[in-house]
Amino acid sequence: MKEILSDRTKLIDSSGIRKVFALAALLKDPVNFSIGQPDFDVPELLKEEAIKAIKAGQNKYSQTAGDAILKERIAEEVRDEFGWSEPAVLVASGVSGGLLLAFLALINPDDEVIIPDPYFVIYKHIINMLGGRCVFVDSYPNFELPIEKIADAITNKTKMIILNSPCNPTGVVYSEQQIKALAKITAEKGILILTDEIYERFCYDGECPSIADYYEKTLVLRGFSKSYAMTGWRLGYVAASESLKDVVEEMTKIQQYTFVCAPTPFQKAAVAAMDYETSDFVDAYRKKRDLLYEGLKDKFELVKPSGAFYAFVKAPSGSGTEFVEKAIANNVLVIPGNVFSEKDTHFRISYATSDEKIQEGIEILRRL
Ligand code: PMP
């Protein structure tokens, strides 16, 4: 069997996560701190919009770049936010879909992509599959944007820099000052930035600034999965200023031959989602963040997360993987840090679960 597989399949290693899921299958009613999706359901109003669209027969392909009304609504949003007069917009099958299209459109073999470490898993694996080179810059122990290290990592092969704020797995939000400093460096060299802002709404301590506000050559990727708990609806978008119109057009061309389009009835519902007030969810998640952080801070080394729904915690002894094995043996599912990092010193907690389960998880972790 192995011989028929392409060489690129060997570049993907999902063993860390697989191990957790295999162990998880053996547990009864565990504290599940491993899930990367909200614990609430899609709001009723948005479900109704999707049902209405399906019943109205809006079940065929949409335009490749997305439903015209949704695209216009997204364009309006980024025009207002970033002051782009004629934004380029592409509706994708989730942010994951947008990432694949961006990397396919931009990365040649040996191109270098600078990524702060820890990082969201998808980036590394797709870039490796395309023959690109990930250049990781260490952001331990506070996980802030490592500006000087990024500046030092830039070479004439650097194709882009990836930012993810609020960050999965650390929950850290980059400050305006850090973002501005990076924008200054990239502007001098004309380097493209890809900013993955899927958690932009899960922002607990003031604003979550976007580098797109300070730097034109930025591809913004945002999604619907997390903000409205519609991870299964597969919707996200790519937006950029006119200066990157050609890139978005090439990505659209690739979408035409791959995903074809994002799911049509859900695109209709997404128009309503963009006007849906999510502050109640965010308030509830801020409380969960507080509960978790207050419950662990005196026993563990962790940075207080300001966004997303993750905390990246240092293993008190041994490697991240060893600690995770111990946690799972005690009925708490967490993910080892080396799934998101070149280091194996931490573990990731997702607190997207009930307050009772968070409390139970805290108590168990404190005892380990
Ligand atoms: N980026 C980040 C940082 C994520 O955490 C996720 C989901 N875990 C995605 C992108 C992909 O989300 P989706 O494809 O559902 O939009």
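Here the structure is a predicted model, which means the values were calculated and not measured. Along every chain, residues carry numbers that run from 1 in the direction the sequence is written. Note on the predicted model: pLDDT of at least 70 is required for a residue's local features to be given, and 80 or more for side-chain atom pairs to be given and counted; whole-chain, interface and lining totals, by contrast, use all residues. Based on all heavy atoms of the structure, the side-chain values leave hydrogens and waters out of the count.

### Remarks on helix 3 (residues 68–82)
Selection criterion: A run of H or I in DSSP becomes a helix once it reaches four residues, and a run of E becomes a strand once it reaches two; helices and strands are each numbered from the N terminus. The span you would expect from a helix comes to 1.5 Å times its residue count less one. Accessible area is worked out with a 1.4 Å probe on protein chains only. A residue is then buried under 20% of its type maximum, exposed over 50%, and partly exposed in between. Any pair of residues with heavy atoms lying within 4.5 Å of one another is described as a contacting pair.
In this model helix 3 runs 21 Å from its N-terminal to its C-terminal C-alpha over 15 residues, within 8% of the 21 Å that 1.5 Å per residue would give. Those residues of helix 3 not exposed but buried are Leu70, Arg73, Ile74, Ala75, Glu77, Val78 and Phe82. Looking at the packing, one finds that the buried side of helix 3 touches strand 2 (88–92), strand 7 (218–223), strand 8 (236–240) and helix 9 (264–273). Immediately downstream of helix 3, the backbone of Gly83 shows phi near 70 degrees, a positive value.

### Here's the deal with the site of the ligand
Our working rule: A molecule or strand has a residue near it when one of that residue's heavy atoms lies within 4 Å. Identification of polar contacts relies on pairs of N or O atoms within 3.5 Å, with a donor-acceptor requirement for protein atoms, meaning one able to donate a hydrogen and the other able to accept it, and with residues adjacent in sequence counted only if both atoms are side-chain atoms. What sets the accessible areas is the Shrake-Rupley method with a 1.4 Å probe; for residues, cover comes only from the shown protein chains. Basically, the charged four are Asp, Glu, Lys and Arg, the nonpolar ten are Ala, Val, Leu, Ile, Met, Phe, Trp, Tyr, Cys and Pro, and anything else, Gly included, counts as polar.
Neighbouring residues of the ligand: Gly94, Val95, Ser96, Phe120, Asn164, Asn168, Asp196, Ile198, Tyr199, Ser225, Lys226 and Arg234. Backbone polar atom of Val95 to an oxygen atom of the ligand: 2.7 Å apart, as the coordinates give it. One nitrogen or oxygen atom from the side chain of Ser96 is found 2.5 Å from an oxygen atom belonging to the ligand. Within the complex, 91% of the 400 Å² of free accessible area of the ligand lies under protein. At 3 residues, helix 4 (residues 94–106) tops the list of elements feeding residues into the shell around the ligand. Residue composition of the shell around the ligand, grouped by class: 4 nonpolar, 5 polar and 3 charged.

### Brief notes about the pattern of salt bridges
Short version of the rule: What counts as a salt bridge is simple: a side-chain nitrogen of Lys or Arg found within 4 Å of a carboxyl oxygen of Asp or Glu.
Summed over the entire model, instances satisfying the criterion amount to 26 salt bridges. The shortest N-O distance in the salt bridge between Glu49 and Lys52 comes to 3.2 Å. In this pair, Glu49 and Lys52 are both assigned in helix 2 (residues 44–55), 3 residues apart and thus about one turn of the helix distant. Accessibility expressed as a relative area gives 23% for Glu49, which makes it partly exposed. Put simply, Glu250 and Lys253 hold a salt bridge, and the shortest N to O gap is 2.8 Å. Of the two residues, Glu250 and Lys253 are both situated in helix 8 (residues 245–257); the distance of 3 residues between them amounts to about one turn of the helix. A residue is classified by how much of its surface remains accessible, and Glu250, at 37% relative accessible area, is partly exposed. For Lys253, a relative accessible area of 42% gives the class partly exposed. Several salt bridges converge on common partners, so that one network encompasses Arg73, Glu76, Glu77 and Asp275.

### Quick notes on the side chain of Ser34
On the secondary structure map, Ser34 appears in the loop between strand 1 (31–32) and helix 2. By relative accessible area, which is 6% here, Ser34 ends up buried. Only 2.6 Å separates the side chain of Ser34 from the side chain of Asn32, close enough to count as a polar contact. In this structure, Ser34 is in contact with Phe21, Leu333, Ile335, Arg348 and Ser350, ignoring residues within four places of it in sequence.

### Some thoughts on the sheet that holds strand 11 (residues 335–336)
The test is simple: Paired strands, as defined in this entry, are two strands with at least two bridges between them according to DSSP.
With respect to topology, 3 strands assemble into an open sheet ordered 9-12-11, the strand pairing being antiparallel. Every interior strand has two partners, whereas the edge strands, strand 9 (310–314) and strand 11, have only one.

### Details of the packing of aromatic side chains
The geometry of an aromatic ring pair comes down to the distance between the two centres and the angle between the two planes. As a reminder of what qualifies: Aromatic rings from Phe, Tyr and Trp, taking only the six-membered ring of Trp, are treated as a pair when their centres fall within 6.5 Å; an angle between ring planes under 30 degrees marks them as stacked, one over 60 as edge-to-face, and anything in between as tilted. Two limits define a charge over a ring: the Lys NZ or Arg CZ must be within 6 Å of the ring centre, and within 35 degrees of the ring normal.
Counted by the stated rule, this structure contains 21 aromatic pairs. Their ring planes at 75 degrees and their centres at 6.0 Å tell us that Phe300 and Phe323 sit as a pair that is edge-to-face. Of this pair, Phe300 sits in the loop between helix 10 (279–296) and strand 9 while Phe323 sits in helix 11 (residues 320–329); the two residues are 23 residues apart in sequence, bridging distant segments of the chain. Judged by relative accessible area, which is 8%, Phe300 ranks as buried. By way of ring pairs, the aromatic residues Phe40, Tyr199, Phe202, Phe281, Tyr285, Phe309 and Tyr310 are connected into one cluster. Lying over the aromatic face of Tyr140, Lys343 brings its terminal NZ or CZ to 4.3 Å of the ring centre.

Fair warning: the whole summary comes from geometry, so function is off the table for now.
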